[in-house]
Amino acid sequence: MELSEQELVRRNKLEEIKKLGIEPYPAALFEVNANSADILEHYERDKLNYKNISMAGRIMSLRQMGNAAFAEIQDARGRMQIYVKRDEICPGEDKTLFNSVFKKLLDIGDIIGVKGYVFTTNTGTISVHVTSLTLLTKSVRPLPVVKVDSEGKAHDVVSDPELRYRQRYVDLIINPEVRNVFVQRTVIINSMRNFLNERGYLEVETPILQSIPGGAAARPFVTHHNALDIPLYLRIANELYLKRLIVGGFDAVYEFAKDFRNEGMDRTHNPEFTQMELYVAYKDYEWMMSLVEEMLEKIAMDLYSTTKVAAGENTLDFHRPFQRVRLFDAIKEHAGVDVSNMSEEELRKTCKELKIDVAPSMGKGKLIDEIFSAKAQHHYIQPTFIMDYPVEMSPLCKKHRTIPGLVERFELFINGKELCNAYSELNDPLDQRARFEDQMKLAERGDDEAMTIDNDFLRAIEYGMPPTSGVGIGIDRLTMLMTNSSSIQDVLFFPQMRPERF
RNA sequence: GAUUCCGUAGCUCAGCUGGUAGAGCAUAACACUUUUAAUGUUAGGGUCAUGGGUUCGAAUCCCAUCGGGAUCACCA
């Protein structure tokens, strides 16, 4: 690999540093007793506490002024200006540390530790007056420089998505708002986990490698186990395993699960994604709607201390209760057709009239779903539960208690996108077996996402699964919503990319 | 998978109807003891994604490949 001019310069500097007897990658710890955010926040009120501070970070800018210099160093909490004066860091006759090391051999991107005292410059910037400086890591690759002017406008922002996603470490260093999205992602997950734990629900782990990939309609990734000499599939959902645990006697289990689906990628789909699935015994889908409302409201409050969240041009309000609309009513309202009593043939005709593309492999349920997706879905900006789906598209869901042909299922739509999917879970083992058989018929028609029959799961619910309600919430999409991110790549540290060639 | 747009210095971008490349920042040198997109003077840095083709001549036009974005299909 050919080195650029700047890389050669930095490697030469590295040698110079070593020749001066300075270790560019020291082993010893560097004791830190302050960080940038803490200093900026508390210094004015509590000046005495900042007479003797020690902090570390990456050099992000350097302004040489002869025998003094200003630099900004960035630590995990933000940026801090430091002031380095020659005679302060070199009190004796030997001025090498300043003249050679600091002025010539340090670069933007290097990581240093500084000790000194906090003061305010003539122009009013809280800064660290450095009395001693230690090189902690020499950087040999030039870091893109983003400058922010006095109006707060950033110049030369690295916006190339390829660089940002492939080299997330660079993105995180130079684009400060990126870090915040990921911190918020963790706030969301912690908020959800606390909410569930407070109710006594048990967090569990279930297999990722499965011999029958069940619980969703999707194409799986296939791998191979050498010792067993069998194909294994990366899970597309963990639903069937969590329900087995309900059979086993747990009354509420949940899992933050990485699921894998071998399908197209775009700004709302990554091959691996995270879902939180929760199953609670002796509950139904009405109860689950209330729980989801309460949980999302709490997450918004934990993030922003308000239920209002910006999403593009819209402001979402997570204040309970959310609107509840039956699927057929939603279609009636937005597509102007009543599909509640239509046969498959009539549905096909209706799709044609509405100019919706359909495939021959689509059954009745799928056709209704197509109409909803094309005509109604995008209207639901504020959190809305769409409920009561046709039985054909929900093979794991219990039949509706009063309306024939429907199941007790809801999906939550926010900003026109599906965020979660929930059922009164089907626990009638004979019905479940029949539903699996219907799925096999769909598979025979060419639906490569139809579910395969899982005999062990059937055996489990034959022992008896209590009435149970379950929900799956897409964590990546929830994070997108809550952080106003328009693509899933922005809420995943390392989104899937084609392998890079070096 | 389909359509479409893009790929020029470490970074952000110019580059006209084809005449073998420019700027700012960054880098190097000098000056400067409170600056802040620091400043001033000077210098270096590019197989124009890759491979073909058209042409006297290609960053520019055409084709293919690689990578990325957007839209669509599939899906969450």
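Scroll up for the structure.
Numbers given for residues are sequential positions, taken from 1 along each chain in its written order. The lettering of chains begins at A and the numbering of ligands begins at 1, in the order of writing. Restriction of local features to residues with pLDDT of at least 70 applies here, the model being predicted, together with a cutoff of 80 or more for giving and counting side-chain atom pairs; totals for whole chains, interfaces and linings are based on all residues. Side-chain metrics in this entry use all non-hydrogen atoms of the structure; hydrogen atoms and water are not considered.

J.: Sorry if this is basic, but what is going on with unusual backbone geometry here?
T.: Residue Arg320 is joined to Pro321 through a cis peptide bond whose omega torsion reads -10°. Helix numbering and strand numbering both begin at the N terminus, where a helix is a DSSP run of H or I of at least 4 residues and a strand a DSSP run of E of at least 2. With respect to the secondary-structure elements, Pro321 resides in the loop between β15 (314-317) and β16 (323-326). With phi around 55°, Asp229 is a residue other than glycine that occupies positive phi space. Tracing the chain through its elements places Asp229 in the loop between β10 (222-225) and β11 (230-234). With relative accessibility at 56%, the residue Asp229 sits in the exposed group. A positive phi is found at Lys355, a non-glycine position, where the angle reads about 60°. Among the secondary structure elements, Lys355 is positioned in the loop between α11 (344-353) and α12 (364-376). Remark: exposure states derive from per-residue accessible area (1.4 Å probe, protein chains only) relative to the maximum for the residue type, with buried under 20%, exposed over 50%, and partly exposed in between. For Lys355, a relative accessible area of 75% translates into the label exposed.

J.: Just checking my understanding: could you explain the sheet that holds β16 for this structure?
T.: Sheets are built from strands paired through backbone hydrogen bonds, the pairs being either parallel or antiparallel. The eight strands are arranged β8-β12-β13-β20-β19-β18-β17-β16 in an open sheet whose pairing can be described as mixed. The sheet is open, and its two edges are formed by β8 (202-203) and β16, each paired on a single side. Strands were regarded as paired on the criterion that DSSP finds at least two bridges between them. Where strand β18 (residues 406-414) lies against strand β19 (residues 417-424), six bridges are found, and the strand directions are antiparallel. Along β19, the bridge assignment pairs Arg409 with Tyr423. Across the sheet, helix α8 (residues 239-247) lies against β12 (252-260), β13 (272-281), β19 and β20 (468-474), angled at about 25° from β13, the strand it touches most. Any two residues having at least one pair of non-hydrogen atoms within 4.5 Å are treated as being in contact. What counts as an axis is a line fitted to C-alpha atoms, over the stretch in contact for a helix, and the angles between N-to-C directions run from 0 to 180 degrees.

J.: What should I look at first to understand the pattern of salt bridges in this one?
T.: Pairing of side chains with opposite charge becomes possible as their charged atoms draw close. Salt bridges are defined as contacts in which a side-chain nitrogen from Lys or Arg sits within 4 Å of a carboxyl oxygen from Asp or Glu. Applying the stated criterion to the full structure yields 39 salt bridges. Measuring nitrogen to oxygen at the nearest pair gives 3.1 Å for the salt bridge that ties Glu162 to Arg166. One end of the pair, Glu162, and the other, Arg166, are both in helix α5 (residues 161-166), four residues apart, so they sit about a helical turn from each other. Overall, Glu162 belongs to the partly exposed group, its relative accessible area being 43%. Put simply, Arg164 and Asp490 hold a salt bridge, and the shortest N to O gap is 3.6 Å. A residue pair is termed long-range when its members are at least 10 positions apart, and Arg164 in helix α5 and Asp490 in the segment after α15 (475-483) qualify at 326 residues. Because the salt bridges share partners, they merge into one network encompassing Arg10, Lys13, Asp107, Asp110 and Lys138.

J.: Would you mind going over empty space enclosed by the protein with me for this structure?
T.: A probe as big as a water molecule, rolled over the atoms, marks out the empty space that is left. Residues are called lining when one of their atoms sits within 4 Å of a cavity or pocket point, these points coming from a 1 Å grid over the protein atoms alone, where a cavity is a set in which a 1.4 Å probe fits but cannot get out and a pocket is an open set with protein on both sides within 12 Å along at least five of seven lines. Grid points are joined across faces, edges and corners, and a volume is the space filled by probe spheres set on the points. Applying the stated criterion to the full structure yields two cavities of 30 Å³ or more. In this model, the largest cavity occupies a volume close to 40 Å³. Every residue lining the largest cavity is listed: Met60, Arg79, Ile108, Leu143, Pro144, Val145, Val146 and Ile174. When residues are sorted by character, Ala, Val, Leu, Ile, Met, Phe, Trp, Tyr, Cys and Pro go into the nonpolar class, Asp, Glu, Lys and Arg into the charged class, and all the rest, Gly among them, into the polar class. Here the residues of the lining of the largest cavity sort into seven nonpolar, no polar and one charged. When its volume is computed, the second largest cavity comes out at roughly 40 Å³. Looking at the second largest cavity, the residues that line it are Gln210, Ile212, Gly214, Ala237, Asn238, Leu240, Tyr241, Arg244 and Asp454.

J.: Just checking my understanding: could you explain the sheet that holds β11 for this structure?
T.: An order of β9-β11-β10 is seen for the three strands of this open sheet, with the pairing classed as antiparallel. If you trace the sheet from one side to the other, it starts and ends with β9 (209-210) and β10, each paired once. As paired strands, β10 and β11 are joined by four bridges and run antiparallel to one another. Across the sheet, Thr223 pairs through a bridge with Leu232, a residue of β11.

J.: When you look at the protein's contact with RNA strand B in this model, what are you seeing that I'm missing?
T.: Taken together, 52 residues form the shell around RNA strand B, and within it Lys13, Thr123, Glu162, His269 and Arg477 come nearest. Sugar and phosphate atoms form 57% of the subset of RNA strand B atoms that lie within 4 Å of the protein. A distance of 3.0 Å separates a base oxygen of RNA strand B from a polar backbone atom of Asn122. Residues adjacent in sequence count toward polar contacts only when both atoms are side-chain atoms; beyond that, a polar contact is any pair of N or O atoms within 3.5 Å, and within protein one must be able to donate a hydrogen and the other to accept it. Here Lys366 contributes a side-chain N or O atom positioned 2.8 Å from a phosphate oxygen of RNA strand B. Elements that contribute at least two residues to the surface near RNA strand B include exactly α1 (5-19), β1 (53-64), β3 (78-85), β6 (147-148) and α5. Looking at the surface near RNA strand B element by element, the count peaks at four residues for α1. Among the residues forming the surface near RNA strand B, the class breakdown is 14 nonpolar, 16 polar and 22 charged. Working definition: residue near molecule or strand if any one of its non-hydrogen atoms lies within 4 Å of it.

Worth remembering: the numbers are spatial, not functional.
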